[in-house]
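Coordinates in review
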Amino acid sequence: KAGVTQTPRYLIKTRGQQVTLSCSPISGHRSVSWYQQTPGQGLQFLFEYFSETQRNKGNFPGRFSGRQFSNSRSEMNVSTLELGDSALYLCASSSTGASSYEQYFGPGTRLTVT
Amino acid sequence: SQQGEEDPQALSIQEGENATMNCSYKTSINNLQWYRQNSGRGLVHLILIRSNEREKHSGRLRVTLDTSKKSSSLLITASRAADTASYFCATDAGGSYIPTFGRGTSLIVHP
């Protein structure tokens, strides 16, 4: 079975721009969660999508949004980028949910905002 | 503040030694998970332990959970250089089902 894939792997953007990150879950997995990892704040939960619906949401501003398609692939969008958005963005999939069952993480997208 | 906090922040040992890291949390949980992360890469799930379980094993890994003390420990026996990584515990603050990760323990195993 192919693992979770994320594209792109690295991205450099300028403050004020927007960015879209993509995640393809493991085949058959319906839950996709997104996390932000920074040295200062550690790993923080952004949101979880299940069957195209946002099921859980972390404490992030509205500039962070996401969606899930019928094939379970998910995208995350960050608008009006700030320097503090520089981070490793991780996507994880699971068969049923972010917490009840083990999650399988992708390699991440390293976003640098200049 | 974080729901789960790992201790120690960093651990340096020799190959063959055992490594123990701890996780403490604040509120009741449904389950607790341990993950490993190699430098700058995705996380790998190690073990999930439910709130009604006290101990689980997987290969060289042993996880214990003490809900009365709100703590868990991860023991890696006979460590190898390949075990060098950061280890995170993730808990769900009872009822939220949103996993909260600690800051992690950085483990270095010297060959």
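Our subject is the structure that appears above.
**Quick notes on the state of the cysteines**
By the definition in use, this model includes 2 disulfides over all chains. Across the disulfide, A:Cys23 is cross-linked to A:Cys91 (sulfur-sulfur distance 1.6 Å). Here A:Cys91 lies in strand β9 (residues 87–94) and A:Cys23 lies in strand β3 (residues 19–24), a separation of 68 residues in the sequence. For the pair A:Cys23 and A:Cys91, a shared accessibility class is recorded, and that class is buried. Here B:Cys23 engages in a disulfide with B:Cys89; their sulfurs sit 2.0 Å apart. Between B:Cys23 and B:Cys89 the sulfur-sulfur dihedral comes to about 65°; the bridge is accordingly right-handed. Residue B:Cys23 is located in strand β3 (residues 19–25), and its partner B:Cys89 is located in strand β9 (residues 85–93); the two are separated by 66 residues in the primary sequence. Classification of B:Cys89 by relative accessible area gives buried; the value is 0%.

**With respect to the pairing of strand β8 (residues 71–76) of chain B**
Residue and element names in this part refer to chain B. Of all 6 residues making up β8, 5 are buried, and the element is well covered by its neighbours. Here β3 runs beside β8; their pairing, made up of 6 bridges, is antiparallel. Bridging from a neighbouring strand, Ser24 pairs with Ser71 of β8. As paired strands, strand β7 (residues 61–66) and β8 are joined by 6 bridges and run antiparallel to one another. From the neighbouring strand, Leu65 faces β8, where its bridge partner is Ser72. Counting the residues in the hairpin turn of β7 and β8 gives 4 residues, including Lys70, whose phi is positive at 50°.

Each value, and the rule that gives it
Residues numbered from 1 in each chain as written. Chains lettered and ligands numbered in written order. Predicted model: local features only at pLDDT ≥ 70, side-chain atom pairs only at ≥ 80, totals over all residues. Heavy atoms only, no water. Disulfide = S-S within 2.5 Å. Helix = DSSP H or I, 4+ residues; strand = E, 2+ residues; numbered from the N terminus. Buried < 20%, exposed > 50% of the residue type's maximum accessible area, 1.4 Å probe, protein only. Pairing = 2+ DSSP bridges.

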